[in-house]
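What follows is the residue order along each chain.
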Amino acid sequence: MSFERPAGALAPDPGLAPARTAGRRALLAACAAAPLLPFLAAGTFPSQDGPPHIETALLLDRIRAGTAPVVAAALQERDPGLSNGGALHALSWLLRQVDPLRAEWLLALGLTLLLLGAVLLAHRLLRGRPGDLAIGTLLCAPLMLYMGSFNLVLAIAGGLVAAAAAMRLLETGRARFGLLYLAAALPGCLANIQLAVPLLAGTFGGLAALALGRWRQGGRPWPARAEAMLAGFALPVIGLVLLYVVTMPGGELTAQATWAPRRQLAALLLRGDVAWFWWSDLVLLGLLNLAMLAAAAWWLRRGAADPAARWALAGAAALAVLTLVLPIDTGAVPQIPMRLAPFLQGLLFLWFLRAGLPAAWRRPILALALAAGMSLVVTRSLGHQALAGRIAEMRAAEAEIPDGSVLDVLRLSWVTSRPTAPHETPAHHLGGFRIRFSPFIHPGRVVGQRDILDLGNYQWLAKWRIFRLHTRPALAAVPGVGQLDWSLHEQQVPGGLAGHRARLRAATGRDIDYLLLWTGGLDPAALAARDPLAAEVLAELRAQFEPVFRSAPGGLAEVWRRKPE
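What counts as what
Residues numbered from 1 in each chain as written. Predicted model: local features only at pLDDT ≥ 70, side-chain atom pairs only at ≥ 80, totals over all residues. Heavy atoms only, no water. Helix = DSSP H or I, 4+ residues; strand = E, 2+ residues; numbered from the N terminus. Rg over C-alpha atoms; globule rule 2.2 N^0.38 Å. Buried < 20%, exposed > 50% of the residue type's maximum accessible area, 1.4 Å probe, protein only. Contact = heavy atoms within 4.5 Å. Areas by Shrake-Rupley, 256 points an atom, 1.4 Å probe, with all protein chains shown as cover. Lys, Arg positive; Asp, Glu negative; His and termini not counted. Charge placed at Lys NZ, Arg CZ, Asp CG, Glu CD. Salt bridge = Lys/Arg side-chain N within 4 Å of Asp/Glu carboxyl O. Patch = residues over 30% accessible without salt bridge, like charges linked within 9 Å, V, L, I, M, F, W, Y side chains within 5 Å. Disulfide = S-S within 2.5 Å. Phe/Tyr/Trp six-rings, centres within 6.5 Å; stacked < 30°, edge-to-face > 60°. Lys NZ or Arg CZ within 6 Å of the ring centre and 35° of its normal. pLDDT = per-residue confidence, 0-100. Expected span 1.5 Å × (residues − 1).

A.B. asks: Got a minute to help me understand the overall build of the protein in this structure?
C.D. replies: Along the protein, the regular secondary structure elements total 21 helices and 9 strands. Taking 24 Å as the expected radius of gyration for a compact globule of 565 residues, we find that the protein reaches 26 Å, a close match to that expectation. Per-residue burial for the protein yields a buried fraction of 55% across its 565 residues. Looking at the protein alone, contacts between residues at least 24 apart form 79% of all its contacts between residues at least 6 apart. For the protein, the exposed surface amounts to about 23,500 Å²; the carbon and sulfur share of it is 63%. Each charge sign in the protein was given a centre, from 52 positive and 36 negative side chains, and these centres are 12 Å apart.

Spelled out as C-alpha cells, the structure:
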C-alpha cells in the first residue's frame, strides 16, 4: 500500500531535521548549564554546616600532626562507624590543596556536577526527550546542599541512579540493571545511611502497588519475575542497614520527635527539596509540582499499563505518605521532610520520562519547569553574591581571634525568652524573602586554620555520634558545650555565663578568652529592652567581656574579649 502526498501539500524541508537536532542540543546544553551558572556569581558557597565540617577536618589534621595542643587537650578522635564519610573525606582532601572558602565552593560544585550526571544518566537509561531535562535539572539545587549535608547530597545522586536502574530492570528483566541498582545504592548508603529509608520505601512501596493492581484486576498478587529480581537486589541494602544499626556508636535517632503538619504539607506541595531564593522560585516550583500531581492523577485514571512508570509513581506516593506521617524533626535528624523530598521528586521525574503524557500535559509542565529553572539561575546567582558579603563579615570576625584561644559563640536570636531560628534574622533576607538556611551562624572557615578551641561547634554535642572528633569526658560533662546560647535559653546552664566559665576552668583549666556574638542584624539594645533573658545575658556579657571588633558594613558579628580579672 502506498500513500500519495495530497495536492498542494508542501514537501518536507530537508533543512528542518538538522535544525531540530541543533535545537535539541541547544536545549540539552542550556538545561545542563543552568545548575552550574550560580557558581560563577561568587567564589564562595553559602552552606550552613560547611564551616563546622571545615573546622573539624582542619583540627583533626592539626591534632594528628601535633600542632594544636590547645585543641588536643579538649578533643579526641573516635571511629564514627560505617556511614557518613564520603563527601567529608573529599572535603578533607580539598582543604589540603586550597583555602577553606575555595574548598567549600569546589565541593559544592563537584556535588552539583555529580547530581547533574545522575540526572543525565537516568534520562539516558529511560530514553527521555531532551526537554524533559528541564524537570530533572531542578533536582540539582537541593536545599540539603545549602544546609551543608554534603554526604546526603552524595547519597541523593546514588538514589536517583538506583531508581532509574530499577525501572529498567522492571522493563527488561535483565540482571545487569539490578547490578547497577546495587552499584548505585550501596555507595549511596555508605555515604549517608539515610538514603536507605526513601530507597527501600520507594522500592517496596512500588512493588506492593504493582501486586495490588494485579489483585484488583482479578489476577494473582505474586510478583512477576522482574519484580522478584528487584526485591532480591534490594536485600543487600537491608543487610547494610542492619549492619549499620548493630555497629553504630549510638545516638538519639528517635528522641525528641516533633510534628508540624502544615510545614510537612508545605514541603510536599511546594517542592521543599529545592533551595528557594525568592518568591518567584517558590511560586513557580509550587505550580510545577501541582501540575505534575494533576498529570499523575489523570494518568492513573486513564489506566496506564507501563509497570515501570507505575512503580515510580507508587514509590513517590509511598514517600509522600512518609513525609506526612514521620516527624518533621527528631533530636538527631532535623528537617526529615526536606530529606525525603529529593527522592520523591526524583521518582516523579523518572515517572515523567516514561509516562508518555500527551502534549496537552507535557507542554505546560515543561514550560513551568523551564520558567522555574530560569528563576533559580537568576535568584541563586544574586543570592550567592549577596550572601558572600555577609559571609565575609563572619570571616572578618573570626580573623580577630588569636591563635591558642578558647572561643565560644552566642547567636543573639537564641538567647531570648522566645527564641527564633538564626535564619529568621534580617541577615537572611534577600529582597524581602527569607531563605531557609544560614551560611554564617557557624564559625569555622577561619578559626579552624589555627589552634583555637571553638566551644560553639555543634558537633561537640553528645547526641552527634557520626563525627570523628568529640570532646573529652571532662569537657563533655560541662552543660552548654556545643550550643551555649540555646542552653542558656533552656536554662540548662546554672549560674549563667559566670557559672559556665567556672565549670570550664574546673574541667579543663581554661577559661573563655573570646566570645563571638552573631547579631544577624538584630539590635541588641532593642532586644534587651523587650526581653528579660536577652537583657540578663547581655548584661553578663558586658560585665565580663569587652567589645574589640564589630564587622562592617552590616555589624552582623561582634568579637568580645574577656576582661582582666
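A.B. asks: Sorry, what's going on with the side chain of arginine 380 here?
C.D. replies: Position of arginine 380 relative to the elements: it lies in helix H16 (residues 359–398). Aspartate 281 provides the closest opposite charge to the buried, salt-bridge-free arginine 380, at an N-O distance of 7.8 Å. Non-local contacts of arginine 380, meaning those with residues more than four positions away in its chain, are made with Pro35, Pro38, Phe39, Ala141, Tyr146 and Phe277.

A.B. asks: Sorry if this is basic, but what is going on with unusual backbone geometry here?
C.D. replies: Glycine aside, negative phi is the norm for most residues, and most peptide bonds take the trans geometry. Of note, the bond from alanine 552 into proline 553 is cis; its omega dihedral lies within 30 degrees of zero at 5 degrees. For proline 553, the position within the fold is in the loop between strand S8 (545–550) and strand S9 (557–562). We note that glutamine 335 has phi near 55 degrees; this positive angle belongs to a residue other than glycine. With relative accessibility at 15%, the residue glutamine 335 sits in the buried group. Here glutamine 491, not a glycine, exhibits a phi torsion of approximately 55 degrees, which is positive. According to the relative accessible area criterion, glutamine 491 is exposed, its value standing at 71%.

A.B. asks: In this structure, what is going on with a nonpolar patch on the surface? I would like to understand it.
C.D. replies: Together, Leu265, Leu269, Leu270, Val283, Leu287, Leu290, Leu293, Val321, Leu324 and Val325 line one region of the surface with nonpolar side chains, adding up to about 800 Å² of accessible area. Ranked by the residues each element gives to the nonpolar patch, the list is headed by helix H13 (residues 279–302), at 4 residues. Of note, valine 283 is situated in helix H13. Residue valine 283 is classed as partly exposed on the basis of its relative accessible area of 47%.

A.B. asks: What's the story with the pattern of salt bridges in this structure? I'm lost.
C.D. replies: Pairs can form between side chains of opposite charge once their charged atoms are near each other. Under the criterion given, the structure shown has 18 salt bridges. Arginine 501 serves as the salt-bridge partner of aspartate 511, at 2.7 Å between the closest nitrogen and oxygen. Of this pair, aspartate 511 sits in the loop between helix H19 (496–508) and strand S7 (514–518) while arginine 501 sits in helix H19; the two residues are 10 residues apart in sequence, bridging distant segments of the chain. Several salt bridges share partner residues, and in doing so they unite Arg501, Arg505, Arg510, Asp511, Asp513 and Arg562 into one network.

A.B. asks: I would appreciate a short explanation of the state of the cysteines in the present structure.
C.D. replies: Structurally, a disulfide amounts to a covalent bond that connects the sulfur atoms of two cysteines. Scanning the model with the defined rule gives 0 disulfides in all. Distance from the sulfur of cysteine 31, which forms no disulfide, to the nearest cysteine sulfur (cysteine 140) is 10 Å. With a relative accessible area of 5%, cysteine 31 lands in the buried category.

A.B. asks: Mind showing me how you'd approach the side chain of threonine 323 here?
C.D. replies: Structurally, threonine 323 is set in helix H14 (residues 307–325). Leave out the neighbours within four places in its chain, and threonine 323 touches Gln264, Leu268, Pro337, Leu340 and Leu344.

A.B. asks: Would you mind showing me how to read the packing of aromatic side chains here?
C.D. replies: The relative placement of two aromatic rings is captured by the distance of their centres and the angle of their planes. Scanning all chains against the criterion turns up 12 aromatic pairs. Clustering of aromatic rings is evident, with ring pairs tying together Phe39, Phe45, Trp105, Tyr146, Phe277 and Phe437. If you follow arginine 102 out to its NZ or CZ, it ends over the ring of tryptophan 105, 4.6 Å from the centre. A cation over a ring is seen here: arginine 436 above tryptophan 276, with NZ or CZ 3.7 Å from the ring centre.

A.B. asks: In this structure, what is going on with the confidence of the model for the protein? I would like to understand it.
C.D. replies: The predicted structure's coordinates, where accompanied by low pLDDT, should not be read in detail. Across the protein, pLDDT averages 89, with 93% of residues at or above 70. Here residues 1–13 is modelled with pLDDT under 50, and outside its nearest four sequence neighbours on either side it reaches 3 contacts, counting other chains as well.

A.B. asks: What is the right way to read helix H15 (residues 336–355) from this model?
C.D. replies: Helical periodicity: at 3.6 residues per turn, an α-helix aligns residues three or four positions apart in one direction. In this model H15 runs 29 Å from its N-terminal to its C-terminal C-alpha over 20 residues, within 8% of the 28 Å that 1.5 Å per residue would give. With 20 of 20 residues buried, H15 is to be regarded as a mostly interior element. In the stretch just after H15, glycine 356 is the one whose phi turns positive, near 65 degrees.

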